[in-house]
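Descriptive analysis of the structure
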Amino acid sequence: MGKAKKRSLHLGINNRFDKLSRNEAVLHVIDMLKSGDKDVYGLVTLFGFTAEELLEAGASYEDVKVLGGILD
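**Quick notes on the overall build of the protein**
Within the protein, the secondary structure is distributed over 5 helices and 0 strands. Helices and strands appear in the protein in the N-to-C order α-α-α-α-α. Of all intrachain contacts in the protein linking residues separated by at least 6 positions in sequence, the fraction that spans at least 24 positions is 43%. Accessible area for the protein stands at about 4,900 Å²; split by element, carbon and sulfur atoms hold 51% of it.

See the structure below:
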């Protein structure tokens, strides 16, 4: 994890976790999509996930399509 991401997490911008790997983050995004959490946008943009990554991790096509505007 880079310095900026560590700093953002340390400052409390995302209070749900202290240290988060990319693999853990993608699984957390999938859970957030399933529950309908609106904070998913911040986590997706923080890590710069692609649609392919989310689909391979188990996200539904409809959920990824909703995020289409912010995905690479």
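**Here's the deal with the nonpolar core**
Of all hydrophobic cores here, the largest spans 17 residues; its most connected members are V29, V40, V44, F49, L54 and L67. Contributions of two or more residues to this core are made by helix 2 (22-35) and helix 3 (40-47). Ranked by residue count, the leading element in this core is helix 2, at 6 residues. Once you skip the residues sitting within four places of it in the chain, L67 turns out to touch L33, V40, Y41, V44 and L54.

**Describing helix 2**
End to end, helix 2 covers 20 Å across 14 residues, agreeing with the expected 20 Å (1.5 Å per residue, within 8%). Buried residues of helix 2: A25, V26, V29, I30, M32 and L33, and no others. Taken down its axis, helix 2 places every buried residue within 165° of arc, on the same side. Opposite the packed face of helix 2, turned more than 90 degrees from it, sit the exposed residues N23, K34 and S35.

So, how was this worked out
Residues numbered from 1 in each chain as written. Predicted model: local features only at pLDDT ≥ 70, side-chain atom pairs only at ≥ 80, totals over all residues. Heavy atoms only, no water. Helix = DSSP H or I, 4+ residues; strand = E, 2+ residues; numbered from the N terminus. Contact = heavy atoms within 4.5 Å. Areas by Shrake-Rupley, 256 points an atom, 1.4 Å probe, with all protein chains shown as cover. Core = buried A, V, L, I, M, F, W, Y, C linked by side-chain atoms within 4.5 Å. Buried < 20%, exposed > 50% of the residue type's maximum accessible area, 1.4 Å probe, protein only. Expected span 1.5 Å × (residues − 1). Arc of directions from axis to C-beta.

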